[in-house]
Amino acid sequence: FGSASSAAYFCMKQLIKRLKSIGSIVGVVGISVASYIFAKFQGGFVSWFIFYMLLPFVLYSILLYFYPLRDFTVKRKISAEQLTRGGRVIVRLIIERKLPMPLLYTVIIDKREHANKERTVQQIVLWGFRRRYEYSYTLTNIQRGEYRLKAVEIEVVDFFNWIRKRRVYALQDSFLVYPKMTDVLYESANSRTSEGQKMSAYMLAKDATIPSSVREYAAGDRMSWIHWKSFARTNKLMTKEFDEQHSEQYTVLLDSSSSETFEDTVELAASILTAARNHQAMLTLMISGDRPAVFPAIQSGDQMQQALVHLAKIQSDGTGSFSMPLQKMDASSKLLFITGNLRMEFIHSVLQFCPNPASVVCFVTQNDESENLQVIIEQVRRLGITVQIISKTNVSSALKEAVTS
């Protein structure tokens, strides 16, 4: 019944629109007929002057009524499909037509959708006889999320707004705005030797590339793994074998509940993911909220891209729900919990998910520290959880300070 009623409503709407269109052209013809009858019976210079003065406008309105708007061809070009928050993007509309019908007031409306809200950009053009028109506009300080440009609407009007024609051109385009990431200082427990000396990035990379042994070549082995010195001695293809490199495991848990600093929480999560990925740390990203999500063992570039795309599209959850992901946390993993709305009921849910408070680091993004927040922070710290307040001045060093404390 729902689909049938929707179809009936659409048909009724189209019928009313059609009747209004017919009524407008009937009104225009009626004006011309009335002026002619008035001049015919009244006579005199003034009556005929009014008739001949109205005649060009009436004829133009009639021509505009029969002018097909499907003659237009609309194209849209976007300067970039992937940006970061605070950037700018240029959208260019190219409109072409074949018939050189003179057009006066032409309204071009470009519709886009972001965060379930629709926005429009409108431009009024005195088109004239042109067959091609290009129009560009710039979106500055764009916010994070997915922007969908769904349609372009063109509306033409005659001199006195007697005839108004409108057509919507479905034109699907989109671009993605990623969170703005900060260079975060990264400190890994695996970056220290047994003597406590800190190993350099070069030493870590070197250890990862030194083979521990060689074995006979098997189909599917990489050519770069062939041990050419053994091949020169024995004339048999041998393949290098490496010790398994155990990277430090992190689980980044993002609280998607609504808060004033939600954008800061998303940007911090993206910054930590990027920093850890650059240091070959094994990552698991978890999103808590109405629609929990899990991105386990992020190591490859494709996995990292999927996680960043999700962080770019995610919106705050205003329902107050804090459902945790079903997947349990690895016992050897360290939990990095990011929130802009610290509350004890959520902390208790986190401890059920990660029973070891010593392995939990809570990052709280706040614009100002209220007394109520300080009380909650003290309660959380008594449970054995490390709490780090994030501000604009300590974002880059927050991870290092929290992990090494």
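Just so it is clear, the model here is predicted, and its values are computed rather than measured.

Asks: Which parts of the structure should I look at to understand the packing of aromatic side chains?
Replies: Each aromatic ring pair is summarised here by two numbers: the centre-to-centre distance and the angle between the ring planes. Scanning all chains against the criterion turns up 17 aromatic pairs. Summarising the aromatic geometry, the rings of Trp48 and Phe51 are spaced 5.9 Å apart at their centres and angled 85 degrees between planes, so their arrangement reads as edge-to-face. On the criterion of helical spacing, the pair formed by Trp48 and Phe51 is a turn pair, its members being three residues apart in helix H2 (residues 45-66). Under the relative-accessibility criterion, Phe51 is labelled buried at 11%. Relative to Phe346, the ring of Phe337 lies with its centre 5.1 Å away and its plane at 75 degrees, an arrangement referred to as edge-to-face. On the basis of relative accessible area, Phe346 is assigned to the buried category, the value being 1%. Grouped by ring-pair contacts, the aromatic residues Phe57, Tyr60, Phe159, Phe160 and Trp162 constitute a single cluster.

Asks: Looking at this model, I keep getting lost on the sheet that holds strand S6 (residues 132-140). Mind explaining?
Replies: Within a sheet, adjacent strands bond to each other through the backbone by hydrogen bonds, running parallel or antiparallel. The strand order S1-S3-S6 describes an open sheet built from three strands, whose pairing is antiparallel. Looking at which strands have only one partner, the edges of the open sheet turn out to be strand S1 (73-78) and S6. Along the sheet, successive strands turn relative to each other by an average axial angle of 15 degrees, direction set aside.

Asks: How should the sheet that holds strand S7 (residues 145-157) be read in this particular structure?
Replies: Read across the open sheet, the five strands follow the order S2-S8-S7-S4-S5; overall the sheet is mixed. Looking at strand neighbours, the two that pair on one side only are strand S2 (82-84) and strand S5 (117-128), the edges of this open sheet. Between one strand and the next, the sheet's axes are offset by a mean angle of 30 degrees, whatever the strand orientation. Bridge analysis of S2 against strand S8 (residues 164-178) gives three bridges, and the strand direction is parallel.

Asks: Sorry, what's going on with the nonpolar core here?
Replies: General note: in soluble globular proteins, nonpolar side chains tend to be found buried as a group. Grouped together as the largest cluster of nonpolar side chains are 39 residues, with contacts concentrated most on Leu285, Leu311 and Phe363. Among all residues touching Phe363, those that are not within four sequence positions of it are Leu268, Ile272, Leu336, Phe337, Ile338, Thr339, Gln388, Ile390, Ala398, Leu399 and Ala402. With 36 residues, the next largest nonpolar core counts Tyr65, Met101, Leu139 and Leu149 among its residues.

Asks: Would you take a moment to explain unusual backbone geometry for this structure?
Replies: The bulk of non-glycine residues show a negative phi, and the bulk of peptide bonds are trans. Of note in this structure, Asn141 is not a glycine but carries a positive phi near 50 degrees. Here Asn141 shows up in the loop between S6 and S7. Look at Ala297: it is not a glycine, yet its phi comes out positive at around 45 degrees. In this structure, Ala297 sits in strand S13 (residues 293-298).

Asks: I'm lost on the layout of surface pockets in this one. Help?
Replies: The method is simple in principle: a probe with the dimensions of a water molecule rolls over the atoms, and the space it marks as empty is what remains. Roughly 780 Å³ of internal volume is contained in the second largest pocket. If you go around the second largest pocket, you meet 20 residues; those closest to its centre are Lys17, Ser21, Arg164, Lys165 and Arg166. If you list the elements that add at least two residues to the lining of the second largest pocket, you get helix H1 (2-42), H2 and S8. A breakdown of the residues in the lining of the second largest pocket according to their chemical character gives eight nonpolar, three polar and nine charged.

Asks: Could you clarify how one ought to interpret the confidence of the model for the protein chain in this entry?
Replies: Regions with low pLDDT should not have their predicted coordinates read in detail. In this model, the protein chain carries an average pLDDT of 83, and 83% of its residues clear a pLDDT of 70 or more. Taken as a whole, residues 189-209 scores under 50 in pLDDT and shows 20 contacts with residues more than four places along the chain or in a different chain. Of the regions scoring below 50 in pLDDT, residues 243-247 engages in nine contacts with residues more than four places distant in sequence or in other chains.

Asks: Whenever I open this one, a nonpolar patch on the surface confuses me. Can you help?
Replies: Together, Met12, Leu15, Ile16, Leu19, Ile22 and Val26 make up a nonpolar patch on the protein surface, roughly 550 Å² of accessible area in all. Structurally, the position occupied by Ile22 is in helix H1.

Asks: Looking at this model, I keep getting lost on the environment of Lys111. Mind explaining?
Replies: With respect to the helices and strands, Lys111 occurs in strand S4 (residues 103-114). On the accessibility criterion, Lys111 (21% relative accessible area) is partly exposed. Taking the C-alpha atoms as reference, Lys111 lies 7.9 Å from Glu153; in sequence the two are 42 residues apart. Once residues lying within four places of it in the same chain are set aside, the contact partners of Lys111 are Arg76, Glu118, Arg119, Thr120, Arg148, Leu149, Lys150, Ala151 and Glu153.

The rules behind the values
Residues numbered from 1 in each chain as written. Predicted model: local features only at pLDDT ≥ 70, side-chain atom pairs only at ≥ 80, totals over all residues. Heavy atoms only, no water. Phe/Tyr/Trp six-rings, centres within 6.5 Å; stacked < 30°, edge-to-face > 60°. Helix = DSSP H or I, 4+ residues; strand = E, 2+ residues; numbered from the N terminus. Buried < 20%, exposed > 50% of the residue type's maximum accessible area, 1.4 Å probe, protein only. Pairing = 2+ DSSP bridges. Axes fitted to C-alpha atoms, helices over the stretch in contact; angles between N-to-C directions. Core = buried A, V, L, I, M, F, W, Y, C linked by side-chain atoms within 4.5 Å. Contact = heavy atoms within 4.5 Å. 1 Å grid on protein atoms, 1.4 Å probe; cavity = no way out; pocket = protein on both sides within 12 Å on 5 of 7 lines; lining within 4 Å. Points joined across faces, edges and corners; volume = space filled by probe spheres on them. Nonpolar A, V, L, I, M, F, W, Y, C, P; charged D, E, K, R; others polar. pLDDT = per-residue confidence, 0-100. Patch = residues over 30% accessible without salt bridge, like charges linked within 9 Å, V, L, I, M, F, W, Y side chains within 5 Å. Areas by Shrake-Rupley, 256 points an atom, 1.4 Å probe, with all protein chains shown as cover. Salt bridge = Lys/Arg side-chain N within 4 Å of Asp/Glu carboxyl O.

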